[in-house]
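Structural characterization, general
This is what each chain is made of:
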Amino acid sequence: MESTQEKPAESSSPVPGSEEPAGLARDPDVLPPKESEGCARPLETAPKKICGYLSKFGGKGPIRGWKSRWFFYDEKKCHLYYSRTAQDANPLDSIDLSSAVFDCKADAEEGTFEIKTPSRIITLKAATKQAMLYWLQQLQMKRWEFHNSPPAPPAVPDAALAGNGPALRLKLEQEEAELEEFLCPVKTPPGLVGMAAALQPVPAMPLAFQNISLKHLGTEIQNTMYNIRGNKQTQGTGHRLPGEDSPLSEEPQREEQPSPPDLSAPGKDPADSPKPTPKSSLAANLIQKAKLQSNTFPLFSEGLTRNRTAQEKVLALEQQVLMLTKELKAQKELVKILHKALEAAQQEKRVSSAYLAAAEDKDRLELVRHKVRQIAELGRRVEALEQERESLVQTASLREQQVQELRQHVQLLLDKNQAKQQVIRKLSEKVTQDFMHPPNQPPAPPDAADRDLLSQQEKVEHLKDDMEAYRTQNRFLNSEIHQVTKIWRKVAEKEKALLMKCAYLQAKNCQVESKYLAGLRRLQEAMGVEAGECSELLRQLIQEALQWEASEASADSVVLSPISEYDEYGFLTVPDYEVEDLRLLAKIQALEVHSHHLLAHEAVEQPLRERWAALGELAPSAEIKQLLRAGVPREHRPRVWKWLVRLRVQHLQGPGRYQELLSRGQACKHPAARQIELDLNRTFPSNKHFACPASSFPDRLRRVLLAFSWQNPTIGYCQGLNRLAAIALLVLEEEESAFWCLVAIVETIMPADYYSKTLLASQVDQRVLQDLLSEKLPKLMAHLGQRRVDLSFVTFNWLLVVFADSLISNILLQVWDAFLYEGTKVVFRYALAIFKYNEEEILRLQDGLEIYQYLRFFTKTICDNRKLMNIAFNDMNPFPMKQLRQLRMAHRERLEAELHELEQLKAEYLETRAAQGPAVPEGCTSEDEGEAEP
């Protein structure tokens, strides 16, 4: 329920940063002022605090439900903080109201409303409908004030601004007066909001444990310890003297007194607040204990006097004991939950210890098999539950059909009833007309007819006036809509410009940070392991740079697209290098990738998305080829890949072919099934979809590989197919689509014998790549040849799995976009481009071992996908397919001749061994003689 008028109906003072915990005011004499009976109100009213108890819906699992929370509003930041009670020292969390939307649904429970922010939706419930309306109106007004409050005047005011000041103030006062006449403030619910609500007891919950926030468990424990310390300190003190200052007063505390936690910065850790210093005076002790006593006993927060009766004291102590008993019960339940978690962790530790303590590999293998059997049993249970769920879904669908039929029957009855009602109404009107004007009644006199005509003419004139008024109103509303539309367009353009500016600044920030980290890394390499103050300072700077994250920045800063741990396909954003010294390099790479993405978003990616969105039916063309080389946006990639795969395998596809292969695999176990099971756990261990035990991707990958082993018995399964199928699964998500993508790569794109037992075509392509490197990059190949570096140790895996383990995900999928359309020529282009991209770095290395170590991870350092694409498709030209076929044919003949010669040598050796017979050297006993002995 978004109100069209958000101007506040009454002024409110900002909440001070040093306010008492959970929003309690410091002045006990300042109570919420009474609301006026009408819409008008006095201009000068006492400032009010927006605070009170509300029920918040949240939690997970069995403890999900309504929880009572103390809410209070901070005007400086336009945040709504909440804690469990009004006496808590630290708030649990806050809600940013600067961009929030308020909603109140008609069919919801009475008093229930929602606060929708860009990141989440918070459901709240007030005690009464009036309290709900009061909260909604006050929060909308405060949000309006926050966005429309004029900025602070500069130190040296401008003459022009000073001249426009009175006019601006007059305009604001006029708008305020108009809005006050339109919107009536809701009366303040007595005892439900404001300072009076803090003096009321906490609303009771069905279970004490249900009201505890497990999400903010650290804050809950701090608040509990704060209250317990306050209770212990107040047990040994007498009543507060009448002359002592009230803990709710607004007088500043002395320097030796501990200041309460600052609620204006909820992200600040309470441990960072200054610790209380020892008290040296009796007066300071009395003041501190009186404050703790007031926070502990909310019923007597207005001050305890000497003349209290014993019954009141007993009542206060009984309530305190009851509250502590509930707290103890909640803490016991929390301890039970933590104890169960500890038992589970100990059980896991015992299993791991038994596995590590096993004496032989057989014992460890047996433990692993036991776990595998348990996993299989759980899998069968899941399948049984899934079948039961499907049966329940079918039953529910049948019931839904029955309900639809009944609804149609009811609708027919209603239509029939309505038709009967219309007939009855017409007959009733006819009977009434006949009764009022019988047929034999003489005609009315002429005077009566004239009067009727005049009255009809007056009605027509009135209707004309109404129509003219409606036309005027319509023109006015159209002009208003036109003005609002112009304002909205200006705001949208301004917002877009600001977002582009923020993206550019953020990209520049990432570049500066990456340069800073690169400088630290070069200093670290230059200094080596030298000791001294400089090296220690350098280590500290590197540690701080690695630990800093964007989420630790100020809550007021604008974060457009922070660096997340995983990308959109589940791969790690920061590469997990095995070498510890490369952590800094991984952070530099992540920052550079993020910077390139931000800079290319508006200039490159947005026009590319618009071009893909404008495409209708896909068909092979030069435009499609260029778009595929530039990369397919994520939202269009599944559709484009399915079309590319369909072009390749439409002559092989058949209805139900994949399901037929799966059923064949269930009926008979394939010989390659064991090797497939071993390779499942090695498939992309850094991807969260394949590393998580609860993920469904490993099972889907197993079915795809088994189906392919039956589809192509000559290959069955070869190491490397698991990674090809995994990439297809991550993009296409459907098993059958991923299966046909694997078939398209192995049987139509790659040459024959590429994944055979001899890997003949793969060896041929390695020699072809060596020739292309010598032609395109002669200086680099001469440098590697002098150091005797064999590139096939690195490039063999590139071509076999199409860079699946080598490039970062956004560059890898861009390579696959062009590869599925153009074929293996794209793989050679990118292989040459990778060496060209890092040519200068490789030429600087003079030792062969250093070159090998650099080649292990240098593909992960490529961050600029646009630069790599430009090298592959522009700098490597000309690159004719005819030359590639000729090189493959020549090297295949040579390799087959070498293999044939090797087979001949092997046959001659076997013939020679067979002709010599099982010769036994002198002094040795043959096996036959040994068996002949008694």
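Throughout what follows, the structure given in this document is the object of discussion. Remember, predicted model here, so these are calculated numbers, not experimental data.

Packed helices, taken two at a time, are described by the angle their axes make and the gap between the axes. At a closest axis distance of 9 Å, the pairing of helix H12 (residues 637-649) and helix H22 (residues 809-822) adopts a crossing angle of 30°. Regarding the angle of H12 to H22, the classification is roughly parallel. Handedness of the crossing formed by H12 with H22: left-handed. From H12, Arg637, Trp641, Trp643, Leu644 and Arg648 reach across to H22, where they touch Leu813, Gln814, Trp816, Asp817, Phe819, Leu820, Tyr821 and Glu822. Grouping the constituent residues of the contact of H12 with H22 by class yields eight nonpolar, one polar and four charged.

Another point: the nonpolar core. Grouped together as the largest cluster of nonpolar side chains are 116 residues, with contacts concentrated most on Leu721, Ile745, Tyr755, Phe803 and Phe835. Sequence-distant contacts of Phe803, that is, excluding residues within four places in its chain, are made with Trp798, Leu812, Val815, Val827, Tyr830, Ala831 and Ile834. Grouped together as the second largest cluster of nonpolar side chains are 25 residues, Leu80, Leu92, Ile95 and Ile115 included.

Judged by how many residues are buried, strand S1 (residues 51-58) sits mostly within the fold: seven of eight residues are covered. Where S1 lies against strand S2 (residues 65-74), eight bridges are found, and the strand directions are antiparallel. Paired with Lys56 across the strands is Lys67, a residue of S2. As paired elements, S1 and strand S7 (residues 121-125) share three bridges and run antiparallel to each other. When the bridges of S7 are listed, Lys56 appears paired with Leu124.

Here we take up the pattern of salt bridges. Tallying each qualifying case throughout the model produces 30 salt bridges. Arg892 is the partner of Asp753 in a salt bridge, and the nearest nitrogen-oxygen pair spans 3.1 Å. Linking Asp753 in the loop between helix H18 (735-749) and helix H19 (760-776) with Arg892 in helix H27 (residues 881-916), this pair joins segments that are 139 residues apart in sequence. With a relative accessible area of 36%, Asp753 lands in the partly exposed category. Look at Arg892 and you get partly exposed, because its relative accessible area is 25%. Within this structure, Glu75, Lys142 and Glu145 form a network of salt bridges that share partners.

Here Ser737 shows up in helix H18. Linking Ser737 and Arg646, residues 91 residues apart in sequence, is a C-alpha distance of 9.3 Å. If near-sequence neighbours (up to four positions away) are discounted, Ser737 is found in contact with Lys642 and Leu732. Side-chain polar atoms of Ser737 contact the side chain of Glu734, separated by 3.1 Å.

Running from amino to carboxyl end, H19 crosses helix H21 (residues 792-801) at an angle of 120°, the nearest separation of the two axes being 10 Å. Our classification of the angle between H19 and H21 gives oblique. Note that H19 runs across H21; the crossing there is right-handed. Two secondary-structure elements touch here, H19 through Ser762, Gln763, Asp765, Gln766, Leu769 and Gln770 and H21 through Ser792, Thr795, Phe796, Leu799 and Leu800. The residue inventory of the contact of H19 with H21, partitioned by class, reads four nonpolar, six polar and one charged.

For the structure shown, the criterion picks out 21 aromatic pairs. Measuring from ring centre to ring centre gives 5.0 Å for Tyr53 and Trp70, while their planes differ by 65°; the resulting arrangement is edge-to-face. Residue Tyr53 is located in strand S1, and its partner Trp70 is located in strand S2; the two are separated by 17 residues in the primary sequence. Like Trp70, Tyr53 is buried.

Thresholds, definitions, all that
- Counting restarts for each chain: residues are numbered from 1 in the order of the written sequence.
- It should be noted that, the model being predicted, local features are given only for residues of pLDDT at least 70 and side-chain atom pairs only at 80 or more, the latter also being counted only at that level, while totals for whole chains, interfaces and linings use all residues.
- In computing side-chain values, all of the structure's heavy atoms are included and hydrogens and water are not.
- Here an axis means a line fitted to C-alpha atoms, over the contact stretch when the element is a helix, while the angle between two N-to-C directions is reported on a 0 to 180 degree scale.
- Strands here mean DSSP runs of E at least two residues long; helices mean DSSP runs of H or I at least four residues long; both are numbered from the N terminus.
- To sort the angles, those under 35 degrees are grouped as roughly parallel, those over 145 as roughly antiparallel, those from 65 to 115 as roughly perpendicular, and the leftovers as oblique.
- Note on convention: the crossing is left-handed when the near helix lies turned anticlockwise from the far helix by less than a right angle, right-handed when the turn is clockwise.
- Contact between two residues is taken to exist if any of their heavy atoms lie within 4.5 Å; hydrogens are not considered.
- Ten residues, namely Ala, Val, Leu, Ile, Met, Phe, Trp, Tyr, Cys and Pro, are considered nonpolar, four, namely Asp, Glu, Lys and Arg, are considered charged, and the remaining ones, Gly among them, are considered polar.
- Residues enter a nonpolar core if they are buried and are Ala, Val, Leu, Ile, Met, Phe, Trp, Tyr or Cys, with the set joined through side-chain atoms within 4.5 Å.
- The buried label goes to any residue with under 20% of its type's maximum accessible area, the exposed label to any with over 50%, and the partly exposed label to all in between, with areas taken from a 1.4 Å probe on protein chains only.
- Two strands are counted as paired when DSSP detects at least two bridges linking them.
- Salt-bridge detection follows one rule: a side-chain nitrogen of Lys or Arg within 4 Å of a carboxyl oxygen of Asp or Glu.
- Any pair of N or O atoms that falls within 3.5 Å is considered a polar contact. Within protein, one atom must be able to donate a hydrogen and the other to accept it, and sequence-neighbouring residues count only if both atoms are side-chain atoms.
- Classification of ring pairs rests on two measures: the distance between centres of Phe, Tyr or Trp rings, Trp counted by its six-membered ring, which must be within 6.5 Å, and the angle between planes, read as stacked under 30 degrees, edge-to-face over 60 and tilted in between.

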